[in-house]
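Reading the structure
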Amino acid sequence: MRTAVIADIHSNLEALQAVLARIEDLGADEIVCLGDIVGYNANPNECVDIIRSGNIKCVLGNHDVCAADLEEPDGFNPIARRAVLWTRAELTDENKLFLRSLPRELRVKDLFFFHGSIHDTNRYILYMSDAVDNFALLAGIGKLLRIGFFGHTHVRAVLSHSRGAVFVELSSDQWLAEENRYLINPGSVGQPRDGDPRASFLVYDADKRRVIFSRVEYDLHACQDKIIRAGLPSWLAERLVSGS
Ligand code: ZN
C-alpha cells in the first residue's frame, strides 16, 4: 500500500497540478491531504475542485477553517488575514460546504493524519516539547497508531520516538523502524518555507515501511502573476521564489 501525503496547497494551482502529475508517475494507492487547501495564493476554488473530484482524503487546515466561515482569523498575521478574507469572498458556497464537511483528523489503519497538532489545528509542532506532547497524544489515541503525518509548518520533518526519547531524524528518504513511533511532515505543496521553492510531498510505502520525499518544479511565475492580478499582497508572490 502506497500513500501519497500532500499538505499546505494554499490555492497554488500550478504546484498542485505538478505534484499530482508526479504522484501519477510514481504510483500511489491513495492520496491524503493534511489541510490548508486554500489561503495565500490565488486559485482557491480550482484547488478545492481538484481535491473534491480527485477522491483525495483531506483534513481541515487553519486557513480552510477561516475561509469556510467556521472561525475568524484572529490569530493570523495581517498578510495571512488579508489573503484568507479574500479567499472567503472568492470561494463558492459549494466549496465552503465541502471544506466544512472535512474532519480535523483522520485515522487509516495504523496511520494518523492531522494539520497542526493532534486535537489542535492551529498549534505548530515546532519544538521538542511539541513533539513530546504529540507522541503522547498519538499513543493515547491507540496503541496500534505508529505514524502521524502533520503539516502547518511548511517544512519537512521526520521525528521519531524510541524507548521514551524523541529524536529529530534527517528529513530524507528512510526506512522506519517497526518498534518506533514517528511524526512526519511532507513539507508544503504551495508555499514551501525551507529555502527550496519547489513543491514538496512524500509517498509512504507501508509494505516496505519506507518514506520517500519528492520535490517538483512548477510554473511559479504563472502563480505569481495571478497573485498580483488578484490584488493580493505582493510579498506572497515574492516569498514563493525564495521558498520562505
Ligand atoms: Zn499552511
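Everything that follows concerns the structure shown earlier in this document.
Residues numbered from 1 in each chain as written. Predicted model: local features only at pLDDT ≥ 70, side-chain atom pairs only at ≥ 80, totals over all residues. Heavy atoms only, no water.

A short note on the nonpolar core
Judged by nonpolar contacts, the single largest core of 49 residues is most densely connected at Ile6, Ile37 and Leu99. Not counting residues within four places of it along the chain, the set of residues in contact with leucine 99 comprises Ile37, Val38, Val48, Leu60, Asp64, Ala68 and Leu91. Judged by nonpolar contacts, the second largest core, of 19 residues, contains Leu106, Leu176, Leu202 and Tyr204. (Core = buried A, V, L, I, M, F, W, Y, C linked by side-chain atoms within 4.5 Å. Buried < 20%, exposed > 50% of the residue type's maximum accessible area, 1.4 Å probe, protein only. Contact = heavy atoms within 4.5 Å.)

Regarding a nonpolar patch on the surface
A surface patch of nonpolar side chains, amounting to about 350 Å² of accessible area, comprises Tyr124, Leu126 and Tyr127. Residue position: leucine 126 is located in the loop between β5 (111-114) and α6 (128-141). Among the residues examined, leucine 126 registers a relative accessible area of 53% and is labelled exposed. (Patch = residues over 30% accessible without salt bridge, like charges linked within 9 Å, V, L, I, M, F, W, Y side chains within 5 Å. Areas by Shrake-Rupley, 256 points an atom, 1.4 Å probe, with all protein chains shown as cover. Salt bridge = Lys/Arg side-chain N within 4 Å of Asp/Glu carboxyl O. Helix = DSSP H or I, 4+ residues; strand = E, 2+ residues; numbered from the N terminus.)

Some points on the coordination of the zinc ion
A metal bound by six donors in octahedral fashion has ideal angles of 90 or 180 degrees, whereas one bound by four tetrahedral donors has an ideal angle of 109.5 degrees. Protein ligation of the zinc ion involves Asp8 (OD), His10 (NE2), Asp36 (OD) and His154 (NE2), the donor distances falling in the range 2.1 to 2.5 Å. In this structure, the zinc ion is coordinated by four donor atoms arranged in irregular fashion, with angles at the metal of 89 to 179°. Counting along the primary sequence, the residues that act as donors to the zinc ion give the motif D-x1-H-x25-D-x117-H. Of the two residues, aspartate 8 sits in the loop between β1 (2-6) and α1 (13-26) while histidine 154 sits in the loop between β6 (147-149) and β7 (157-162), which places them 146 residues apart along the sequence. Using a relative accessible area of 2% as the deciding quantity, one classes histidine 154 as buried. (Donors = N, O, S within 2.8 Å, 3.2 Å for Na, K, Ca; no water. Tetrahedral: all angles 85-135°; square planar, octahedral: opposite > 155°, others 65-115°.)

Remarks on the packing of helix α7 (residues 220-229) against helix α8 (residues 234-242)
Their axes nearest at 8 Å, the elements α7 and α8 cross at an angle of 170°. In terms of orientation, α7 and α8 fall into the roughly antiparallel class. Each of Leu220, Cys223, Gln224, Ile227 and Ile228 in α7 lies in contact with α8, whose residues at this interface are Ser234, Leu236, Ala237, Glu238, Leu240 and Val241. (Axes fitted to C-alpha atoms, helices over the stretch in contact; angles between N-to-C directions. Parallel < 35°, antiparallel > 145°, perpendicular 65-115°, else oblique.)

Points about the packing of aromatic side chains
What the rule picks out here adds up to four aromatic pairs. Centroid distance phenylalanine 114 to phenylalanine 150: 6.2 Å. Interplanar angle 15°. Geometry classified as stacked. Remark: phenylalanine 150 occurs in the loop between β6 and β7 and phenylalanine 114 occurs in strand β5; sequence separation between them is 36 residues. Summarising the burial analysis for this pair, phenylalanine 114 and phenylalanine 150 share the class buried. An aromatic cluster of three or more residues is present, and its members are Phe112, Phe114 and Phe150. Over the ring of tryptophan 175 we find arginine 210, and its NZ or CZ is 4.0 Å from the ring centre. Over the ring of tyrosine 40 we find arginine 239, and its NZ or CZ is 5.7 Å from the ring centre. (Phe/Tyr/Trp six-rings, centres within 6.5 Å; stacked < 30°, edge-to-face > 60°. Lys NZ or Arg CZ within 6 Å of the ring centre and 35° of its normal.)

Brief notes about helix α5 (residues 93-101)
For α5, the complete set of buried residues consists of Asn95, Lys96, Phe98 and Leu99. Within α5, the buried residues cover an arc of 160° as seen down the axis, which keeps them to one side. In this structure, α5 carries Asp93, Glu94, Leu97 and Ser101 as exposed residues pointing more than 90 degrees from its buried face. (Arc of directions from axis to C-beta.)

Topic: the environment of asparagine 122
Structurally, asparagine 122 is set in the loop between β5 and α6. Once the C-alpha coordinates of asparagine 122 and glycine 61 are considered, the two residues, 61 residues apart in sequence, prove to be 7.9 Å apart. With sequence-adjacent residues up to four places away left out, asparagine 122 is seen in contact with Asn62, Glu71 and His152.

Side note on helix α2 (residues 44-53)
Of the positions making up α2, those classed as buried are Pro44, Asn45, Cys47, Val48, Ile50 and Ile51. Of the residues trailing α2, asparagine 55 is marked for its positive phi of about 55°.

Describing the sheet that holds strand β4 (residues 105-108)
Taken in spatial order, the six strands make up an open sheet running β4-β5-β6-β10-β7-β8, and their pairing is mixed. The open sheet has two edge strands with one neighbour each: β4 and β8 (165-169). Strand-to-strand, the axes of this sheet are offset by a mean angle of 20°, without reference to chain direction. Two elements, β7 and β8, share five bridges in a ladder whose sense is antiparallel. Within β8, the position partnered with valine 158 by the bridge is glutamate 169. Relative to strand β10 (residues 181-185), α6 is tilted by about 120°, and along the sheet it contacts β4, β5, β6, β7, β8 and β10. (Pairing = 2+ DSSP bridges.)

Description of the pairing of β7
The element β7 is extensively covered by neighbouring structure, given that five of its six residues are classed as buried. Across five bridges, the pairing between β7 and β10 is antiparallel. Looking across to β10, one finds that leucine 159 is bridged to leucine 183. Where β7 folds back on β8, the antiparallel hairpin that results is connected by two residues, among which arginine 163 adopts a positive phi of roughly 50°.

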